[in-house]
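# Chain and residue survey
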Amino acid sequence: MMLAFRLAAVLALALTVAAGARAQTADASGAVPPVGPGPYPVACSNVAQDFSRLSPGASAVNYWEGSAPGGGYVTDLLIDPADAFVVSVTLPGDRDLFGDFANQSLLFAALVCYPTSAGNTRPDYPLPNGKSVPHMQRDGDVPIFAEDRPTFPVLLFSHGLGGSPLSSDYIDVLTLFASHGYVVVAPFHGDARISDIRLATLNDVVNSLLHFSNYTALQSIRPFALRAELDALLADPAFAARIDPNDIGGFGASLGGESLLLMRGARLTVSPGLSSRAVMNDTRLKAAVGYVPYFGQPLLPAFGRNEEGLQDMQMPYLAIAGGADITAPAPVTALGMTQLTNVRQFVVLNGVPHGFDVQSAPDIFTWSLTFLASYVEDDPLARATSARMTKVAGGGDDVLLLDRFEPLPPAPAQALAIEYYNPSLDHYFMTADPNEVAVLDTQTIPGWIRTGYTFKVYVPDAPFGVSACRFFGRPGIGPNSHFFTILPNECADVLANPLWIFEGLVFRVDAPDASGTCAPDRVPVVRMYNNGKGGQANHRYLTSHSEIGAMLLQGWIIEGTVFCSLP
């Protein structure tokens, strides 16, 4: 009961924060137009099958999902497995993670879909469920890529529990991502070969506790399949020549959202006592999105006690939860997302249960594609858009609850302004001076810790932007705090105030226009004032909508957008 109360409180607080931040930091660029299908036609790898091999009473879907009689799997139907992406995975001998599958080998197949040329005349491959695999390769065909760019990013796609890349509407989702320029790698996880556990009800959770080793194996094996299929793709000369191995992202639905986190270093719950262990950490995976991602249930969180297994996970992650989801409850996801210390976005689709919500499709894909372009492809405009984004125009009722933006690495004449917090003073400070950063990080001046919030500036002698004046309260009479401004009138007023000492022009930054708006390719930095809390003035300079909302709840005041930061 106490945990359920805490989870509900986390979500309620996040909703309150989001509402407060939206109400007082209106940004015309916050509502992003929905994204439709991309510009590319799509082709896919060979998954041709002989459906005459089906066991009596079984369907093709049973084989795709690993639930055919006798453990039948999609590889039993493939006509030409040598031309398909089929890999053998030998699992480590760790019974805590892999149970009875420790030291065993399993076959995994994958479907790969990619952007192709408009001149690709290969026919679609019809499936017995009424769907088709577009422009499918056959009989040793090599892939035909679009020719407008030399290489394309990779997207690992991990479906939900018991699904497959060809089941339900998954092939349509793969096609949409490929149409936007991604080489999408989607393993057939074949979960039913490992366990027939379901996760929709409390009874399912109890059943998973009774069969815990199989439940843990089910989750631990999935990252190994994803890694092996990525290795196979990068080892295929025809595909590898057109892939950027430095741009690898992920999209996971339900349990697939958990699988990508486990692949990137999150610790999995490995006992009913909620101890947790890392499965792997494949640092090639740069960023990922989870749609209705499975973070466990209130009694059995997926990432250890209080989801603490997510604290060391350094990959940027977007979670899109359903507000009416009882299989992957939004409050449990909220708790997990608060544990992430790196780039994060947490969006709730109000009223949406577990599963794909058609009305919310524009929201799902717009949030996902913007985030992936930002943190997989490192697109500057996408990163600025992602940082400013609070909702998708039209579609469902999407609410941004948590966010933390990270700028691209500084180029020449650029630097990061890094924020610190001193708990004993209850004060914040930010600096772009590398010498000051070193002093604070080494605790030469003790008591200051990084908050994780940064924004990008120009160095003081750069030929861009506007100079920022920095002031410090005069010892003995002024506040024990710093103040920054690029406004000439503010700089002159504070310079004339005997309570403050002028410390120089410390960086340069672009300025908002007369209406307080930043250009579309810039990130607004909002200045907040503590309203004299504790008898000492203090300011924060923030890009995070949710952190601004949290400060409002503590009595801080928004003073407006004061800088326009580089993405």
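Moving on, we come to the overall build of the protein. Summing up its helical and strand segments, the protein has 14 helices and 27 strands in all. On the principal axes, the C-alpha backbone points of the protein span a range of 90 × 55 × 40 Å. In the protein, which comprises 567 residues, the proportion classed as buried is 56%. Sequence-distant contacts, at least 24 apart, represent 75% of the contacts inside the protein between residues at least 6 apart. For the protein, the accessible surface area stands at approximately 21,200 Å², while carbon and sulfur atoms represent 57% of it.

Here we come to empty space enclosed by the protein. Per the stated rule, a full pass over the model turns up 2 cavities of 30 Å³ or more. Estimated volume of the largest cavity: approximately 60 Å³. Lining the largest cavity are E419, Y428, F429, M430, S481, H482, F484, N538, H539, R540 and Y541. Elements represented by at least two residues in the lining of the largest cavity include exactly β20 (427-431), β23 (482-485) and β26 (539-542).

This part takes up the confidence of the model for the protein. Per-residue confidence for the protein gives a mean pLDDT of 93, with 93% of residues at or over 70. Segment residues 1-5 is flagged for pLDDT under 50; beyond a separation of four residues in sequence, or across chains, it makes 2 contacts in the model.

On to the packing of aromatic side chains, then. Scanning the entire structure with this criterion turns up 27 aromatic pairs. Relative to F152, the ring of F145 has its centre 5.9 Å away and its plane inclined at 20 degrees; by these criteria the two rings are stacked. The exposure classification of F145 matches that of F152, with both residues buried. When the ring of F371 is compared with that of Y375, the centres are 5.1 Å apart and the planes differ by 45 degrees; the resulting orientation is tilted. Taken together, the residues span about one helical turn, with F371 and Y375 both in helix α10 (residues 361-375) at a distance of 4 residues. Here F371 matches Y375 in class, with each residue buried. R193 extends its terminal NZ or CZ atom over the ring of Y73, reaching a point 3.7 Å from the ring centre. Sitting above the plane of the Y453 ring, R404 keeps its charged end 4.6 Å from the centroid.

Before going further, it helps to spend a moment on the pattern of salt bridges. Following the criterion strictly, the structure yields 27 salt bridges and no others. Residue R383 pairs with D378 through a salt bridge whose shortest N-O separation is 2.8 Å. You can call D378 partly exposed: its relative accessible area is 30%. Among the charged side chains, a salt-bridge network with shared partners connects D247, K286, D378 and R383.

All right, on to the sheet that holds strand β27 (residues 557-565) then. On the basis of which strands lie adjacent, the open sheet formed by 3 strands has the order β26-β25-β27 and antiparallel pairing. Each end of this open sheet is capped by a strand with a single partner; those strands are β26 and β27. Looking at each pair of strands side by side, their axes are set apart by 25 degrees on average, direction ignored. Pairing between strand β25 (residues 523-529) and β26: 4 bridges, direction antiparallel. Bridge pairing in β26 links Y529 to H539. Set on the sheet, helix α14 (residues 545-553) makes contact with β25, β26 and β27; between it and β26 the angle comes to about 155 degrees.

What counts, and where the lines are drawn
Residues numbered from 1 in each chain as written. Predicted model: local features only at pLDDT ≥ 70, side-chain atom pairs only at ≥ 80, totals over all residues. Heavy atoms only, no water. Helix = DSSP H or I, 4+ residues; strand = E, 2+ residues; numbered from the N terminus. Buried < 20%, exposed > 50% of the residue type's maximum accessible area, 1.4 Å probe, protein only. Contact = heavy atoms within 4.5 Å. Areas by Shrake-Rupley, 256 points an atom, 1.4 Å probe, with all protein chains shown as cover. 1 Å grid on protein atoms, 1.4 Å probe; cavity = no way out; pocket = protein on both sides within 12 Å on 5 of 7 lines; lining within 4 Å. Points joined across faces, edges and corners; volume = space filled by probe spheres on them. pLDDT = per-residue confidence, 0-100. Phe/Tyr/Trp six-rings, centres within 6.5 Å; stacked < 30°, edge-to-face > 60°. Lys NZ or Arg CZ within 6 Å of the ring centre and 35° of its normal. Salt bridge = Lys/Arg side-chain N within 4 Å of Asp/Glu carboxyl O. Pairing = 2+ DSSP bridges. Axes fitted to C-alpha atoms, helices over the stretch in contact; angles between N-to-C directions.

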